[in-house]
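Letter by letter, the chains look like this.
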Amino acid sequence: GDSASVSGQLEHTITGIEPGSGAYQATEDALSQYNNLTGWQQESSSAMAMLTSLENAISNEEPIVVSAWSPHFIFAKYDLKYLEDPKGVFGEEEYVTTIAREGLKEDKPGAYTILDRFELDISDVESFMLTIQDQEIEATAENWVEDNQETVNEWTKGIEDGGGTSVDLAMTPWDDQRVSANIMKVVLDQKGYDTSITPVDPAVMFESVANGESDASLAPWMPITHGDLYAQYEDSFEDLGKNVTGAKIGLAVPEYMEDVNSIKDLKS
Ligand code: PBE
């Protein structure tokens, strides 16, 4: 049908994820910046609940607008499209960066260097995310390290054994981050470190690295997703550089919503 009746069927609701996520905040920004979204609201849920809502809508061929991001397997699993964002609220390309607490370089130089060298291909993250739908993440990370010895050797080249030194990684609770953190844990532990992973909200992730409670995090998404939090804490951590490039956040709909291709097509 036309996009006005589609908006009615959707009850002017966007299916969002955790309120603490950058994606949720960006969607709130879109709601206030696009005049045509007056009267629309975002329903918060979780990444898992969003997936369930999406699956239900698709199996009934009903309209749905979700908060989406890449890397994620949903674009491989379903026929979805990102909505055009002429105001650029969701930005263009995002990257994921590695941050370390002040003093990590001096305290744990080996771990620091491995963290500094760590970088994943976005396609590897995506296939890993798909694999952990039905396989333990720890085993998947061990297999990945085994299958990518050449890459891992570059990260660990010349690094001495950690001798049981602890490393605490602050992690956000989304699958792409679980992938990075678990690969890092296998790599560090194989080098003699004792790595723990603490799942927290983005705000706490930045805060705990800034105040030194956590050693590092692989989780900041930039420049839009966590840009405000990054700016708030950036004087109190060290940025070790990108660990994934080509990421993206935005609003997405199923391909069968033929008349909805832009955020501007969502009618008030
Ligand atoms: N995400 C995935 C997170 C960061 C990683 C896009 C859902 C967010 O804070 O929105």
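Parameters at a glance
- Residues numbered from 1 in each chain as written.
- Predicted model: local features only at pLDDT ≥ 70, side-chain atom pairs only at ≥ 80, totals over all residues.
- Helix = DSSP H or I, 4+ residues; strand = E, 2+ residues; numbered from the N terminus.
- Expected span 1.5 Å × (residues − 1).
- Buried ≥ 20, exposed ≤ 12 C-beta atoms within 10 Å, placed from the backbone.
- Pairing = 2+ DSSP bridges.
- Contact = placed C-beta atoms within 7 Å.
- Near = placed C-beta within 6 Å.
- Nonpolar A, V, L, I, M, F, W, Y, C, P; charged D, E, K, R; others polar.
- Domains from an automatic or database assignment.

- Going by the annotation in an unreviewed UniProt entry, the name recorded for the protein is Glycine betaine/proline transport system substrate-binding protein, with Salibacterium qingdaonense given as the source organism.

**Brief notes about helix H10 (residues 175-190)**
Piece 1. Here H10 is 16 residues long and its end C-alpha atoms lie 22 Å apart, about the 22 Å a rise of 1.5 Å per residue gives.
Piece 2. Counting buried residues in H10 gives 13 out of 16 residues, a clear majority hidden from the surface.
Piece 3. In the stretch just after H10, Gly192 is the one whose phi turns positive, near 90°.

**Structural notes on the pairing of strand E5 (residues 94-101)**
Side-chain direction in a regular strand flips from residue to residue, so the side chains alternate between the two faces of the sheet.
Piece 1. Summarising burial for E5: 7 of the 8 residues are buried, a large majority.
Piece 2. Pairing analysis gives 8 bridges linking E5 to strand E10 (residues 237-254), with the strands arranged antiparallel. If you follow Ile99 over to E10, its bridge partner there is Asp239.
Piece 3. Of the strand pairs in this sheet, E5 and strand E9 (residues 221-222) are connected by 2 bridges, and their pairing is antiparallel. The residue bridging Tyr95 from the neighbouring strand is Met222, located in E9.
Piece 4. In the sheet, E5 pairs with strand E8 (residues 216-217) via 2 bridges, with the strands oriented antiparallel. Looking across to E8, one finds that Ala100 is bridged to Ala216.

**Some words on the environment of Val65**
Piece 1. By the element assignment, Val65 lies in the loop between helix H3 (47-59) and strand E3 (66-70).
Piece 2. In this structure, the C-alpha to C-alpha distance between Val65 and Arg117, residues 52 residues apart in sequence, is 37 Å.
Piece 3. Residue contacts for Val65: discarding those within four places in its chain leaves Leu10, Ile14, Thr15, Leu251, Val253 and Leu266.

**Observations regarding unusual backbone geometry**
Piece 1. Across the junction of Ser70 and Pro71, the peptide omega takes the value 10°, indicating a cis bond.
Piece 2. Of note, Pro71 is situated in the loop between E3 and helix H4 (74-77).
Piece 3. Put simply, Met222 and Pro223 share a cis peptide bond, and its omega is 0°.
Piece 4. Backbone geometry at Glu11 places phi at a positive 55°, although glycine is not the residue there.
Piece 5. Within the secondary structure, Glu11 sits in the loop between helix H1 (3-9) and strand E1 (13-15).
Piece 6. Take Glu11: there are 9 C-beta atoms within 10 Å of it, and that puts it in the exposed class.
Piece 7. In the Ramachandran plot, Glu61 falls in the positive-phi region, its phi being about 50° despite a non-glycine side chain.
Piece 8. You can see Glu61 is positioned in the loop between H3 and E3.
Piece 9. Of the residues examined, Glu61 has 9 C-beta atoms within 10 Å and is grouped as exposed.

**A few points about the site of the ligand**
Piece 1. Taken together, 13 residues surround the ligand, and among them Ser21, Gly22, Ala23, Trp69 and Trp174 come closest.
Piece 2. For the shell around the ligand, the secondary-structure elements that each account for two or more residues are helix H2 (22-33) and H10.
Piece 3. Considered class by class, the residues forming the shell around the ligand number 7 nonpolar, 5 polar and 1 charged.
Piece 4. A domain split of the shell around the ligand shows at least three residues from each of domain 1 (3-92 + 249-265) and domain 2 (94-247).

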